[in-house]
Amino acid sequence: MNRRKLLSLMGMSPVALAGIPALAEQAKKSDQTKKEGAASAGEPKLTVLNPRGLPPPITLIPMAPRLSTLDGKTVYLVSDGFPGADAFLNQVSIWFKKNMPNVTTVYRLKAGGFADDDPKLNAEIKEKGQAVIMAIGH
Amino acid sequence: MVTIAFKDLAKTNAAKRGMPLQRISFTPHPVWGKTDEEMYAYLDGNDPVSGKPLMKEVVASLTTPLTADEMKTGTVTPPTGAPTFTDTADNLQQYFLDNGMTDFMPIILPTQEKVDAMLKATSHKPDEVVGKMTPAQGAFPAWSYTVQHVAVNAVMAGAIPDYFPTILAIASTGISALFSSTNSLVSAAVINGPVRDKLQMNYGIGAMGPFNQANAVIGRAWTLMSKNLDGGGVAGETYMGSQGNVINYNNLIIPENEKDSPWPPFHVQKGFKPEESVVSFFFGFNITQGQGGKGLGMKPIPHYHEAMSANVGPFASLFGALFILDPLVAHGLGDLGFKTKDQIADWLQNNTLVSVKDVKTMLFSALPRGPEAANLTDDMMIPKWPRADSYTFVVCGGQTNPYHQLANMSYRVSVSIDKWA
C-alpha cells in the first residue's frame with residue numbers, strides 16, 4: 001500500500017509525514033525509479049500483475065470531544081500489559097500528584113492481549129472517568 | 001503514550017483503524033527495565049518526536065479542542081496500486097523492490113502468461129476469495145485475497161504450477177509467516193501425504209536446507225504472500241521483530257519422511273487419511289540443534305529422550321516443543337522402549353521439570369493456574385509444560401547420523417492440500 005496516498009486521503013498532512021523517515025525514504029526511492037525508468041525507454045516492456053491483496057475500507061472515527069481542563073477530573077491510566085507499562089504509569093500518576101494535584105488518576109490493566117478490546121473497562125471509564133491516557137510499548 | 005520504538009507502527013496503525021490524526025505522545029524506549037527515576041525523567045523531558053515537553057503535550061492533547069480534520073467521518077479505501085504495471089524488466093524488478101513487494105531478492109516477474117499457467121493448476125476460479133490475512137491478529141485489519149493474487153505471488157517466488165495447490169492451501173489458512181511481534185518469530189509448515197513425492201520434495205538428506213526446488217520455493221511463496229496479501233512485513237510498521245530471523249526468508253518447510261518413520265505420519269495423528277496431502281502449521285520462537293546433548297554418548301543406544309529433555313531447557317513455555325527427528329532417532333527411541341509418539345511425549349512431560357522459583361523469574365513461562373496454584377512453593381519441581389501434547393514430533397532427514405533438531409514452537413492447524421487442486 002502507498003502509505004503516503006493512504007494517509008493523505010485520510011486528511012493527514014504531508015508535513016506530518018515528512019517526520020517519518022521510512023516514508024521519506026520510500027518517496028525518495030520512488031522518485032529514483034521514475035528517473036531510471038525514463039533513462040531506459042526504448043527497451044522491451046512487460047506488463048505484470050499487482051501481487052497485493054485487498055485491504056478493507058477504513059471508516060474514519062472522529063475523536064472524542066476534549067475537556068476544557070483536567071482540574072477536578074479523573075484520568076484513567078491504562079496499561080496494555082506489556083512489561084514496564086505498570087511502573088511507567090505509576091510515574092505518570094506521581095507526575096500528576098506533583099504538578100496537577102487536582103487531577104485524580106486511576107490505574108487499570110486492560111484485559112486480554114494488547115490488541116483486544118476490554119468492554120468492561122471501557123464502561124467503567126465512561127461512567128467514572130473523564131479522560132484516558134493509554135500506555136503502549138515496553 | 002507510546003514508546004518511540006513503535007512510532008511508525010502507532011501512527012500507521014491508527015490511520016488504518018480510522019484515526020489518522022490520533023493524538024499520540026512519545027517517550028524514549030524502553031520503559032521496561034528502567035528505574036523509577038529514569039522513567040520520571042522521561043516525563044520531565046521532551047517528546048522525542050515533537051521536541052515539546054512531554055507531559056504538557058499530553059495534557060494539551062486531552063484539553064485542546066478538536067480540529068475539523070480530527071472530527072472527519074466517512075469511508076476511505078486504501079490504495080494498493082494499479083492492477084498491472086508496465087515497464088522494462090529491470091525497472092519492474094526495481095519497482096517491486098522499492099515498493100516492498102519482495103524479500104529483497106530478485107523475483108520472477110508475474111506476467112499474465114505465467115500467472116495464467118499457474119491458475120491452470122487449480123480447479124478454483126481466479127476471482128474466488130481464498131482467505132483473509134493480517135500481520136497480527138487483532139492488531140491490524142485483515143486483508144482478503146483471491147486465487148489470482150496467490151498465483152501472482154507464487155510466480156514471483158519461482159513456483160511451477162504443480163506447487164500451486166500447496167501454496168493455495170497455505171494461503172487459505174490466513175497464517176502470516178511474518179507475524180508482527182518484537183520477538184522475531186518463525187513459522188513452519190509440515191507437509192504430509194502423496195504431494196511430497198508428486199512435487200519431488202526432499203525429506204531426506206538436507207531436507208531443511210537449500211537443496212530442493214519445491215521445499216525452497218513453497219517456503220518463499222509463503223513469505224512473499226505474507227508481505228503482499230496483507231500489507232505485512234514492513235519493518236517498523238507491520239513487522240516489529242527486534243533482530244529479525246533468517247528463517248523468515250523461506251520458513252521451515254518440513255516434508256515428513258513417512259516411509260522411514262516407525263510412527264504414523266503427522267497428518268494421520270490429526271485425523272487425516274494417509275493418502276491425503278496435508279500441510280500442518282507451527283509457530284514460535286526459533287529452531288536449534290540437538291547434537292551432543294546429555295545422554296547421547298550412552299552405548300549401545302544413545303539416550304535420545306534424555307537429550308531431548310535437556311535440550312528444551314532454555315525454551316519458554318509460551319510455545320511448545322517441536323522435535324524434528326532423523327529416522328535413526330525415531331527408531332532408536334523405539335529400541336529404547338518408546339513405541340509411540342504419545343509414549344515419548346508422556347515421558348518428556350513427566351521428566352522435564354523446572355522449579356517454581358525458576359519459573360517465577362522467566363519472562364515467557366507461567367505457573368499453573370487453578371486451585372493447585374495456591375500450594376506451589378519455590379522449591380517444588382513442576383512439569384515444564386503442563387500437558388504432554390505440548391511435545392510434538394515429526395520425522396525428517398536422510399539417516400546420515402542420528403540427530404535431531406528442536407524448535408520452541410506450537411502446533412496451530414492442519415489443512416488439506418487436495419482441496420485446492
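Caption draft 1: Structural view of the overall build of chain A. Along its length, chain A carries five helices and five strands. What you see in chain A, going N to C, is helices and strands ordered as α-α-α-β-β-β-α-β-α-β. Taking all 138 residues of chain A together, the buried fraction comes to 25%. For chain A, the share of sequence-separated contacts (at least 6 apart) that also reach a separation of at least 24 residues comes to 65%.

Caption draft 2: Main features of the overall build of chain B. Within chain B one finds 14 helices and 14 strands. For chain B, the C-alpha atoms occupy an extent of roughly 75 × 65 × 35 Å along the three principal directions. For chain B, the proportion of its 421 residues judged to be buried stands at 50%. Sequence-distant contacts, at least 24 apart, represent 76% of the contacts inside chain B between residues at least 6 apart.

Caption draft 3: Examining the nonpolar core more closely. Residue and element names in this part refer to chain B. Grouped together as the largest cluster of nonpolar side chains are 137 residues, with contacts concentrated most on A154, I167 and I254. Broken down by element, the residue count for this core peaks at eight residues, all from helix 6 (residues 147–157). Here I254 is in contact with A188, A189, V190, I191, M208, I324, V394 and C396, once residues within four sequence places are set aside.

Caption draft 4: Here's a closer look at the interface of chain B and chain A. In this complex, chain B contributes 83 residues to the contact, which on the side of chain A involves 64 residues. Broken down by element, the residue count for the side of chain B that touches chain A peaks at seven residues, all from helix 4 (residues 89–98) of chain B. In the side of chain B that touches chain A, the residues fall into 44 nonpolar, 28 polar and eleven charged. By the bridge criterion, four bridges tie strand 1 (residues 46–49) of chain A to strand 4 (residues 84–87) of chain B in an arrangement that is antiparallel. Opposite T47 of chain A, over in strand 4 of chain B, you have T86 of chain B as the bridge partner.

Caption draft 5: Local environment of the sheet that holds strand 3 (residues 74–79) of chain A. Residues and elements named next belong to chain A. Across the sheet, three strands lie side by side as 4-3-5; this open sheet has parallel pairing. What marks the edges here is a single partner per strand, and that holds for strand 4 (104–109) and strand 5 (131–135). With direction set aside, neighbouring strand axes in the sheet form an average angle of 25 degrees.

Caption draft 6: Up close: the domain arrangement of chain B. Residue and element names in this part refer to chain B. Annotation of chain B at the domain level lists domain 1 (2–71) and domain 2 (89–420). Relative placement of domain 1 and domain 2: their C-alpha centres are 37 Å apart. Residue composition of the side of domain 1 that touches domain 2, grouped by class: one nonpolar, two polar and two charged.

Caption draft 7: Inspection of the environment of K45 of chain A at higher detail. Within the element layout of this structure, K45 of chain A appears in the loop between helix 3 (21–39) and strand 1. On the basis of neighbour count, K45 of chain A is assigned to the partly exposed category, with 14 C-beta atoms found within 10 Å. Excluding residues within four positions of it along the chain, K45 of chain A makes contact with T86, D87 and T88 of chain B.

Caption draft 8: Looking closely at the sheet that holds strand 9 (residues 278–289) of chain B. All names here are of chain B. Pairing within the open sheet is mixed, and its six strands lie in the order 8-7-9-14-10-13. Each edge of the sheet is formed by a strand with only one pairing partner; in this case those strands are strand 8 (252–255) and strand 13 (391–395). Along the sheet, successive strands turn relative to each other by an average axial angle of 35 degrees, direction set aside. In this structure, strand 7 (residues 186–192) lies alongside strand 8, joined through four bridges in parallel fashion. Across the sheet, the residue bridging to I191 is P255, located in strand 8.

Caption draft 9: Seen up close, the confidence of the model for chain B. Looking at chain B, the pLDDT average stands at 94 and 100% of residues meet or exceed 70. Our summary of model confidence lists the complex with pTM equal to 0.83 and ipTM equal to 0.87.

Caption draft 10: Representation of the packing of helix 4 (residues 85–99) of chain A against helix 2 (residues 36–44) of chain B in the model. Orientation of helix 4 of chain A relative to helix 2 of chain B, taken along the N-to-C sense of each, is 60 degrees, at an axis distance of 9 Å. One finds that helix 4 of chain A runs oblique with respect to helix 2 of chain B. Helix 4 of chain A and helix 2 of chain B meet at a crossing whose hand is right-handed. Counted together, A87, F88, Q91, V92, I94 and W95 of chain A of helix 4 of chain A and D36, M39, Y40 and L43 of chain B of helix 2 of chain B form the full contact between these two elements.

Definitions and cut-offs
Numbering of residues starts from 1 in each chain and follows the order in which that chain's sequence is written. Chains carry letters from A onward and ligands carry numbers from 1 onward, assigned in written order. Local features in this predicted model are restricted to residues of pLDDT 70 or higher, and side-chain atom pairs are both shown and tallied only at a pLDDT of 80 or more, whereas totals for entire chains, interfaces and linings draw on every residue. Per the convention used, a helix needs a DSSP run of H or I reaching at least four residues, while a strand needs a run of E reaching at least two, with both numbered from the N terminus. Remark: C-beta atoms are placed from the backbone, and a residue is labelled buried if 20 or more other C-beta atoms sit within 10 Å of its own, exposed if 12 or fewer do, or partly exposed between those counts. Two residues qualify as being in contact provided that their C-beta atoms, derived from the backbone, are within 7 Å of each other. Any set of buried Ala, Val, Leu, Ile, Met, Phe, Trp, Tyr and Cys residues joined through C-beta atoms within 7 Å is what this text calls a nonpolar core. Here the term charged refers only to Asp, Glu, Lys and Arg, the term nonpolar to Ala, Val, Leu, Ile, Met, Phe, Trp, Tyr, Cys and Pro, and the term polar to all other amino acids, Gly among them. Pairing between strands is defined by DSSP: at least two bridges between them are needed. In this analysis, axes come from line fits to C-alpha atoms, helices being fitted only over the stretch in contact, and the angle between any two N-to-C directions falls in the range 0 to 180 degrees. By convention here, the domain bounds are inherited from an automatic or database domain assignment. Confidence per residue, as judged by the predictor, is encoded in pLDDT with a range of 0 to 100. The scheme is simple: roughly parallel for angles under 35 degrees, roughly antiparallel for over 145, roughly perpendicular for 65 to 115, oblique for anything else. Each crossing gets its hand from how the near helix is turned against the far one by less than a right angle, where anticlockwise is left-handed and clockwise is right-handed.

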